Amino acid sequence: MERTVCMLDDGGARVEAVRTTSGEWIECDNIVVAAGAWTKQIIQKICGADLIPTAVVPHQYIIFEATEGVSNALPVVRDYESKYYLKPEVGGFCVGVFEGNPRPHLPEEVRKRNGTSVPADAMNEVFEETFDKADPWLEQALEAVPVLQNTGIKSLLHGPDTHSVDHNPIMGRMWDTDNIYVCTGFNSQGIQCSAGAGLAMAEWILEGHPRSFPTDFTACDVQRFYPKLSSNREWVEARACEGYGTAYGLHWPQEQFESGRGAHRTGPLQEELLRRGAVLGNGFGWERPLYFLTPEEMAAKAATHSPHVDHALPTPTGYGNDLRETEWFDAEARECRACREEAVVFDLSTFGKLRVTGEDALALLQRSCTANMNKPIGSVTYTCMLDESGGIVADFTVNRRGDQDFYIVTTTPQPYLVKDALRRNGRDLPQHQLQDVSEDLGVLALMGPNSPGILTQLTSTSVEDTDFPPFTMQTIEVAGVTLDALRVSFVGEIGWELHVPAERTLEVYRALHLAAEGAGLYLGDAGAHALLNSLRLEKQFVHFGHDISPKESPIMAGLRFACALKKKGGFVGSETIAAEAKDGPRGGVRLATVLMPTAPAVMWGHGGELVYKDGEMVGYLTSAGFSHTLGCPIGLAFLPFADKAIVPGVYEVEAATPNGRERFPASVSLKCAVDPEGTRMKARAGRAAAPAEDADRPAARAA
C-alpha cells in the first residue's frame, strides 16, 4: 500500500480507496489493516497519529533432525513453568522458548525499529541466534525429552513477532473512523487464532461487533487503549517484552503489569495516597489505588523479583492460592466493613468525564441513551448506550446542568469510546460540542453511614434527603471550595461523589479527613479492590467488560429500568429492546447473583468459573470476588430464565483449588445479596426514597 484517500466527516475519517505501490487504485467499503509489525505505521499513515501499541519481540526456536516415532499425530506440549513448548515438525521435534526477560537479548536493529518503523522489505527476516537467550529453559526441555540430547539440530531460527502491550490481540474499528479496522498483535499466536480472528473481523464489519462467539471481545478491542500511550515507544517496548516474558507462567486474578508504571497520567492525590499506604494499579494510563496497607503491612510487603520492574511505586506482589493468603485480603475486608458501617473515601479521579453542550445536545443524548435525558436540571440519570442490535456499548451517568448542558461520568477506559459513539449518532445534529474534561476534575466518593455527618461539617448546604435527594446534583461549597456534589453510589450506601477542580482536590480530601476526626467519626481510605471485587458485587451492579458488553442487552442484565421505551423518537436499538422486553431476554438468560456460602476462600476473581445446574453446565461467572459483609465468595452470572424467574434447580460453581477443580453448592437470585430494597443508599431513618424505577439501581458505574 502506498497511500489511502480519506474523507473527513465530522472529525471522523473514512477510507474510500487505497493505492498500491504498483500505482493501482482499489476502491473499498472497508479497510482492515492486518499487517503484523507494519500495522502500527500503516495506521499512523492513515490516521495521522501513533495509535497501535505494539512492538517487535523476537522469538527463537530450534528444529531438530528427524526422530524415529515422531509424526504430526503427536500433540503440542507446553511447559509453562519451564517456559518452552515442544511440537512435531516434519518428523522431528521443534522446541521454542519464551524466556522470562527478552529485553537484554533484543537485537539493536529491533530496538531501532520499535522506536521508528519496520522497513517495508523486512519480510522473512531472521536475527542472529544465541543459546544464551534460551538458557536455562532449553536445558529443561532437553532433560524432559532425553532423546533431544543426542539429536542433531537442523536449524535455529530467531525471528520477529509482534506483541501488544497487554498480551491480547488488537482488533476492531479505530476511534473516530467509520470503516478503518485493525487486526494485529497476536503475540506469537496468529496462526492458531487466524480462523476465529477472521470470523470476528467479518462480524465486526457487518454487525458492529462479533456475535457468534460465547464471549465478548472487549479485551481485544483496539478502543480499550488510551490513545496517547502508543506514542511512547520505550513504554510500548517494555510492556510488550513483559507480556512476552510472562506469557509462560502462573497468572493470578488482579495481576498487574509491572513495567512502564507511573509514566503517564497521575491523579491529583497520588503522593498523598502513597503516604497513606496505597498500593497502586494501572489502567488507561492512570495509576490508581487498589487497596491501602497499614504501616506494619507495608513494611512486611513482599518485594517483587520481576525483571520488568522499572519504577518505585508499590504494586501488588503478595498473591496466593487462597484469597486469605494475599496481601490485600485483610485490607479489602477493612475497607468494605468501614464502607458498610462507618465511612470511606474513594479516589475516583480517573473516571472519564465529558461535557455535551450546544443546541443539539439534548436531541443527541435522547437518541444515544436508553434512559430519558429530558429531566429537570440537576438530575443525575443512569443510562446505557446501545448499538443497533441492542448490545450495550457503554453505561454511565448523565447530569443535566442546563437546558443544553450535560455532564457524562463514565468508567475510566470509556471516554473515547463514548465520544466515538456520540459522533456516529450525531451526524445530522451538528450543533453540539463534546469536551473531554477527565483530567480537569478530581472525584472523591464519600460513602457510608457516616458520610452525611462528615459532609455537614464542611458545607452550609443541607444534605438531608428532602433537600438533597438521591440521583441529583448540586453545586455546593465544601471547605471553601466550590464543587459539584452528585448524590450517587456504586457501593449501595448513602454518599456523594464530589467533583472538584483537579488543583483543589487534595485540599478537599484533607478537609474531609480533618472534619471526620473533629466530629469523632471514622473515615477510612478505600480502593478499587473493595469497590469492584466486593461492594458492587453485593449490590449486583454491573461492570462493563465483565458483566456487560455489546453481546449483552439491558434486558439480559436486569437494566430494564434504564430503558425509556416510550421515549418519543426512541433511541438507538430501542426496537430490539422493546421486543426483548416483551418476549423475554435474548438467549433465555438473566443476570443473577451467585453466592457460595460453604466454599473456601480460594482464589475467586478470574471470572469464567463454570456454573452447573443439576449437573449440567449452564453458564459462568462474569465477575467473582468475596463478600466481606456475608463472609463468603460471591459472583454474577447469566443463568437460565423463564416465567420471570431463574429456572430452579441444584446450582454449583466449579473453581480451582489446591486439590484441583472442585464444585461448591451455590444459591442464585435475581436480587442483590445485600440490602435488596436499596434503603441504605437513599434514606436515613426512613426519609424520602428515590423513584421506584431506580429503587435498587443507583447510578451504577465502576472505577
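Here goes a summary of the coordinates provided.

How each quantity is defined
- Residues numbered from 1 in each chain as written.
- Predicted model: local features only at pLDDT ≥ 70, side-chain atom pairs only at ≥ 80, totals over all residues.
- Heavy atoms only, no water.
- Pairing = 2+ DSSP bridges.
- Helix = DSSP H or I, 4+ residues; strand = E, 2+ residues; numbered from the N terminus.
- Core = buried A, V, L, I, M, F, W, Y, C linked by side-chain atoms within 4.5 Å.
- Buried < 20%, exposed > 50% of the residue type's maximum accessible area, 1.4 Å probe, protein only.
- Contact = heavy atoms within 4.5 Å.
- 1 Å grid on protein atoms, 1.4 Å probe; cavity = no way out; pocket = protein on both sides within 12 Å on 5 of 7 lines; lining within 4 Å.
- Points joined across faces, edges and corners; volume = space filled by probe spheres on them.
- Nonpolar A, V, L, I, M, F, W, Y, C, P; charged D, E, K, R; others polar.
- Bend = angle between axes of the 7 residues up to and from the residue.

**A word on the pairing of strand β29 (residues 610–613)**
Part 1 of the argument: One ladder, built from four bridges, connects β29 with strand β30 (residues 616–627); its direction is antiparallel. Bridge pairing in β30 links Val-611 to Gly-619.
Part 2 of the argument: What sits between the antiparallel neighbours β29 and β30 is a turn of two residues, in which Asp-614 has the positive phi angle 50°.

**Side note on the nonpolar core**
Part 1 of the argument: The biggest cluster of nonpolar side chains holds 44 residues, and the ones touching the most others in it are Ile-43, Met-174, Ile-180 and Val-182.
Part 2 of the argument: Those elements giving two or more residues to this core turn out to be β2 (12–19), β4 (31–33), α1 (39–47), β5 (54–56), β13 (180–184) and α6 (233–246).
Part 3 of the argument: The dominant element in this core, judged by the number of residues it contributes, is α6, at five residues.
Part 4 of the argument: Once residues lying within four places of it in the same chain are set aside, the contact partners of Ile-43 are Val-33, Gly-48, Ala-49, Leu-51, Ile-52, Met-174, Ile-180 and Val-182.
Part 5 of the argument: One finds Val-279, Ala-445, Ala-526 and Ala-601 within the second-largest nonpolar core, a separate group that totals 32 residues.

**Here's the deal with empty space enclosed by the protein**
Part 1 of the argument: For the structure on display, the rule yields five cavities of 30 Å³ or more.
Part 2 of the argument: The volume enclosed by the largest cavity comes to roughly 100 Å³.
Part 3 of the argument: At the level of secondary structure, the elements contributing two or more residues to the lining of the largest cavity comprise α1, β5 and α2 (108–115).
Part 4 of the argument: Here the lining of the largest cavity takes three residues from β5, the largest share from any one element.
Part 5 of the argument: In the lining of the largest cavity, the residues fall into four nonpolar, six polar and three charged.

**A short note on helix α5 (residues 190–207)**
Part 1 of the argument: Along α5, the sharpest kink reaches roughly 40°, centred on Gly-196.
Part 2 of the argument: Of the positions making up α5, those classed as buried are Ala-197, Ala-200, Met-201, Glu-203 and Trp-204.
Part 3 of the argument: Backbone geometry just downstream of α5 places Gly-208 in the positive-phi region, at approximately 90°.

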